[in-house]
Amino acid sequence: MKTIVISLGGSVLTPSLEENRVAVYAEVLRAISQVYKTFVVIGGGGEARRFISAARALGADEATADEIGIMVTRLNATLLMIALGNEVYPRVAESPREAVEYAYKSDLVVAGGVTPGQTTDTVAAVIAEESHASCIINLTSVDGIYSDDPKLVKNAEKFSELTPEELSLIVGKTPLCAGSNTVFDSVAVKILARSHIPLLVLDGRDPDTLQKAVLCGSHRGTIVRSPEINLPF
Ligand code: UTP
């Protein structure tokens with residue numbers, strides 16, 4: 001069985017607690033884990049940013065603000081774990097090593113953030129290296145990678161394919177601070193480059209997009225890969 005790692009942004013899983021996509025994603029992930037050993041790393045989304053701002057306003061340093069963000073990622077991951085019932089390993093992994101250990105016992109493992117100074121994209125990239133994954137899928141709130149943030153720049157160009165080095169130039173412009181947001185974080189991009197693991201960036205606002213990509217090989221996202229490295233589907 002091949003392995004895939006999915007980085008599922010909190011902003012698409014739980015845009016709000018009232019209107020969340022947790023149950024729908026649980027369905028899709030169940031189907032995917034029948035075919036691939038699946039790690040899902042959950043982000044903190046808007047809720048993490050709200051907690052981070054509140055902590056900063058009270059005088060928190062950046063590392064403490066990161067710790068707050070990590071707590072929120074784990075809360076979101078716990079919601080998904082509840083929805084998956086007995087089809088997932090029944091604990092949220094708190095380190096890449098723990099995630100890989102859990103995968104000996106289950107084909108579906110959920111993780112959140114692990115350490116300050118990064119985002120869950122880096123967690124996903126490290127798990128992908130340690131589990132020898134065939135690819136990483138990043139589910140985010142845009143439909144691929146653009147030359148600039150398409151929510152801010154009207155004429156931003158969408159790429160269908162990039163190398164890790166090209167992506168590094170795009171995301172390297174954003175400073176690293178708690179709650180900062182890029183399409184895939186810059187440390188994670190460096191890990192992609194060294195490990196030659198391909199990345200597929202997809203619109204996570206429709207969970208069907210993930211199912212169609214992994215189970216039918218059809219998508220309209222952006223692939224990031226070194227030459228001659230292919231996706232497993
Ligand atoms: P996310 O991974 O959710 O950041 O972590 P994000 O890129 O904003 O993702 P979306 O919006 O969910 O798609 C939220 C915050 O938690 C802290 C960081 O402060 C990050 O910005 N964090 C997360 C860490 O410090 N370490 C981690 O391993 C993960």
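To keep things clear, this report deals only with the structure shown in the data block. Source: prediction; values computed, not measured. (Residues numbered from 1 in each chain as written. Predicted model: local features only at pLDDT ≥ 70, side-chain atom pairs only at ≥ 80, totals over all residues. Heavy atoms only, no water.)

Some words on the side chain of S141
Alright, step 1. Following the sequence through the fold, S141 ends up in the loop between β4 (135-140) and β5 (145-146).
Alright, step 2. Note on S141: relative accessible area 17%, which makes it buried.
Alright, step 3. Within the local environment of S141, its side chain forms a polar contact with the side chain of K151, the two groups lying 2.9 Å apart.
Alright, step 4. Here S141 is in contact with S11, V12, K151 and R205, once residues within four sequence places are set aside. (Helix = DSSP H or I, 4+ residues; strand = E, 2+ residues; numbered from the N terminus. Buried < 20%, exposed > 50% of the residue type's maximum accessible area, 1.4 Å probe, protein only. Polar contact = N/O pair within 3.5 Å; in protein donor to acceptor, adjacent residues only side chain to side chain. Contact = heavy atoms within 4.5 Å.)

Focus: the packing of helix α6 (residues 120-130) against helix α8 (residues 186-195)
Alright, step 1. α8 packs onto α6 with a crossing angle of 20° between their chain directions and a minimal axis gap of 8 Å. Judged on the interaxial angle alone, α8 and α6 are roughly parallel. Note on packing geometry: the crossing formed by α6 with α8 is left-handed. Here D121, T122, A125, V126 and E129 of α6 come into contact with α8, specifically with V187, A188, I191, R194 and S195.
Alright, step 2. Residue composition of the contact of α6 with α8, grouped by class: 5 nonpolar, 2 polar and 3 charged. (Axes fitted to C-alpha atoms, helices over the stretch in contact; angles between N-to-C directions. Parallel < 35°, antiparallel > 145°, perpendicular 65-115°, else oblique. Left-handed = near helix turned anticlockwise from the far one by under 90°. Nonpolar A, V, L, I, M, F, W, Y, C, P; charged D, E, K, R; others polar.)

Digging into the site of the ligand
Alright, step 1. Taken together, the neighbourhood of the ligand is formed by 25 residues, with G44, R49, D66, T115 and T120 sitting nearest.
Alright, step 2. Contacts to the ligand include V114, whose backbone N or O atom sits 2.9 Å from an oxygen atom.
Alright, step 3. Measuring from an oxygen atom of the ligand, one finds a side-chain N or O atom of Q118 at 3.0 Å.
Alright, step 4. Here the ligand, which alone exposes 580 Å², has 96% of that area covered by the protein.
Alright, step 5. Counting residues per element, the ones that place at least two in the shell around the ligand are α1 (10-13), α3 (45-57), α4 (62-84) and α6.
Alright, step 6. Element by element, the count of residues in the shell around the ligand is highest for α4, at 4 residues. (Near = heavy atom within 4 Å. Areas by Shrake-Rupley, 256 points an atom, 1.4 Å probe, with all protein chains shown as cover.)

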